[in-house]
Amino acid sequence: MDKAKKRVFSAIQPSGTLTIGNYFGALKNHVAMQEDYDCIFSVADLHAITVKQEPEKLYMHTLELYAIFLAVGLDPEKSIIFIQSHVPAHTEFTWLLNCFTQFGELSRMHQFKEKSKTHSDNINAGLFDYPVLMAADILLYNTELVPTGQDQKQHIELARNVAQRVNGIYGDILVVPEPYIPRTGAKITSLQDPSKKMSKSDSNINAFISILDEPDTIIKKFKRAVTDSEALVKFDEESKPGVSNLMNIYSCATGRSIAEIEKEFEGKGYGDFKMAVAQSVVDVLSPIQAEYKRIISDKAYMSKKFTVAAERAADIANDTLRRLKEKIGFYI
Ligand code: TYM
């Protein structure tokens, strides 16, 4: 690892097949950051069990997510790409950090409030403690930058607060991380209800485009996307949230600016616009899907890569864990 480069950490939950929200909001930037940063990426399987998971599905989604990581261009030779539960330091560090986190601050987390509503039959302690596990992920690796979509900003703020609190007591032993949120793509919304974020666990499959959706499915879903009755391709998140979301997606997929897109579709109807958006997404996803098919069939290759990565991750994580335990006063 190159000490001159800043450390980056991010993770994604294997709670379903990834959406283009995850791709444009996070993964695409993770790939780009590998050149200039010292990157660590993780499949956050411990986070995934804060909501009910069927064992076979969790197992399959974990491998699938690892294969997607590699298929989009995360490179195990450049970055450490590991599975969270393979490094036990994450759970142990979470316990330590729990004792420096207040009940009140966790009660204020938006995601906890939302998930308590959508999973009202299972508001478990892990769901409440989720942000502390995330803080442990980040702080174990001396992370300077955390690239995520907009929805994770509050959790990164919490990690910063916890790190500052620990440092206030024991001296500067934890690096205080900064969020790194992209200008476009940070919040891709549902195709069926643009007031909600696009989510891989949405019960309505028309609400999201999965990274592995077939071209026909992608076109069908975009055709059904909610817009408005104005027939005007103009960016206005307040009064035209559906159209603005499609413009954001098109901008992420083509690299064109919002102004260029408004010009391109001047005088054209939503039918043409939706087809262009769908085609641009098909063009982005096709090569990823081809690569995914190749990688997912080679489990031995993936297994070799995540085993080595977990050892490298554990070396860094165990050092941070030991330093904090010493400071707290554990007899080591
Ligand atoms: P997760 O698995 O929900 O999402 C993974 C990444 O995708 C981003 N994202 C989006 N970006 C734009 N538009 C959307 N609709 C959209 N939906 C999701 C998320 O912001 C995220 O970057 N708690 C995290 C996983 C995690 C983590 C960490 C992240 C665990 N430990 C440590 C950073 C650092 C999560 O549930 O992401």
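For the structure, check the block above.
Reading the values: the criteria
- Each chain has its residues counted from 1, following the order in which its sequence is written.
- Given that the model is predicted, a residue must reach a pLDDT of at least 70 before its local features are reported, and side-chain atom pairs must reach 80 or more before they are shown or counted; all residues, however, enter totals for whole chains, interfaces and linings.
- Excluded from the side-chain calculation are hydrogens and water; included are all heavy atoms of the structure.
- Helix numbering and strand numbering both begin at the N terminus, where a helix is a DSSP run of H or I of at least 4 residues and a strand a DSSP run of E of at least 2.
- Helix span is expected to be 1.5 Å times the residue number reduced by one.
- Burial classes follow relative accessibility: with a 1.4 Å probe on protein chains only, a residue under 20% of its type's maximum area counts as buried, one over 50% as exposed, and anything between as partly exposed.
- In what follows, residue pairs with any heavy atoms lying within 4.5 Å of each other are defined as contacts.
- We call a residue near a given molecule or strand whenever any one of its heavy atoms falls within 4 Å of it.
- Two N or O atoms form a polar contact when they lie within 3.5 Å of each other; inside protein one atom must be a possible hydrogen donor and the other a possible acceptor, and for residues adjacent in sequence the pair counts only when both atoms belong to side chains.
- Counted as salt bridges are all cases of a side-chain nitrogen of Lys or Arg within 4 Å of a carboxyl oxygen of Asp or Glu.
- Two kinds of site are reported from a 1 Å grid over the protein atoms alone, namely cavities, where a 1.4 Å probe fits but cannot get out, and pockets, open sets with protein on both sides within 12 Å along at least five of seven lines, and residues are called lining when an atom falls within 4 Å of a point.
- Grid points are joined across faces, edges and corners, and a volume is the space filled by probe spheres set on the points.
- Under the scheme applied, nonpolar residues are Ala, Val, Leu, Ile, Met, Phe, Trp, Tyr, Cys and Pro; charged residues are Asp, Glu, Lys and Arg; polar residues are all the others, including Gly.

Can you walk me through helix H10 (residues 241-254) in this structure?
Since one α-helical turn is 3.6 residues long, residues separated by three or four positions face the same way. Between the first and last C-alpha of H10 there are 20 Å, a value that for 14 residues agrees with the 20 Å anticipated at 1.5 Å per step. Across the 14 residues that make up H10, a large majority, 12, are buried. Of all the positions in H10, only Gly-242, Val-243, Ser-244, Asn-245, Leu-246, Met-247, Asn-248, Ile-249, Tyr-250, Ser-251, Cys-252 and Ala-253 are classed as buried. In the core, the buried residues of H10 are packed alongside helix H1 (20-33), helix H9 (215-223), helix H11 (258-264) and helix H12 (270-296). A positive backbone phi angle near 80° is found at Gly-255, which sits one or two residues after H10.

Looking at this model, I keep getting lost on the site of the ligand. Mind explaining?
Neighbouring residues of the ligand: 27 residues in total, closest Gln-13, Tyr-130, Asp-137, Asp-151 and Ile-188. Between the ligand and Gln-152, the relevant distance is 3.1 Å, taken from a nitrogen atom to a side-chain nitrogen or oxygen of the residue. Met-198 has a polar backbone atom sitting 3.0 Å from a nitrogen atom of the ligand. Contributing elements (two or more residues each) for the shell around the ligand: strand S1 (7-12), H1 and helix H7 (125-140).

Any chance you could explain the pattern of salt bridges here in plain terms?
Oppositely charged side chains may form a pair once their charged atoms are brought near each other. Under the defined criterion, the tally for this structure stands at 18 salt bridges. The residue Asp-121 makes a salt bridge to Lys-52 at a minimum N-O spacing of 2.9 Å. With Asp-121 in the loop between helix H6 (110-118) and H7 and Lys-52 in the loop between helix H2 (45-48) and helix H3 (55-72), this residue pair connects regions lying 69 residues apart in the sequence. The pair formed by Asp-121 and Lys-52 is uniform in burial state, with each residue classed as exposed. Here Arg-323 makes a salt bridge to Asp-319, at a shortest N to O gap of 3.4 Å. You can see Arg-323 and its partner Asp-319 sitting in helix H13 (residues 299-328), four residues apart, about one turn around the helix. Taking the relative accessible area as the measure of exposure, Asp-319 reaches 33% and is therefore partly exposed. Because the salt bridges share partners, they merge into one network encompassing Asp-319, Arg-322, Arg-323 and Glu-326.

Sorry if this is basic, but what is going on with unusual backbone geometry here?
The phi torsion of most residues other than glycine is negative, and most of the peptide bonds are trans. Its identity is not glycine, yet Asn-142 carries a phi of approximately 55°, on the positive side. For Asn-142, the location among the structural elements is in the loop between H7 and strand S4 (145-147). Residue classification places Asn-142 among the partly exposed positions, given a relative accessible area of 23%. For Ala-231, which is not glycine, the phi torsion reads 55° and is therefore positive. Locating Ala-231 in the fold gives a position in the loop between H9 and H10. Given a relative accessible area of 46%, Ala-231 falls into the partly exposed group.

Whenever I open this one, empty space enclosed by the protein confuses me. Can you help?
The probe, sized like a water molecule, is rolled over the atoms to show the empty space still left. Tallied over the entire structure, the rule returns one cavity of 30 Å³ or more. Put simply, the largest cavity is a space of about 40 Å³. Together, Gln-111, Phe-112, Lys-115, Leu-127, Tyr-130, Pro-131 and His-155 line the largest cavity. If you list the elements that add at least two residues to the lining of the largest cavity, you get H6 and H7. Per-class residue counts for the lining of the largest cavity are four nonpolar, two polar and one charged.

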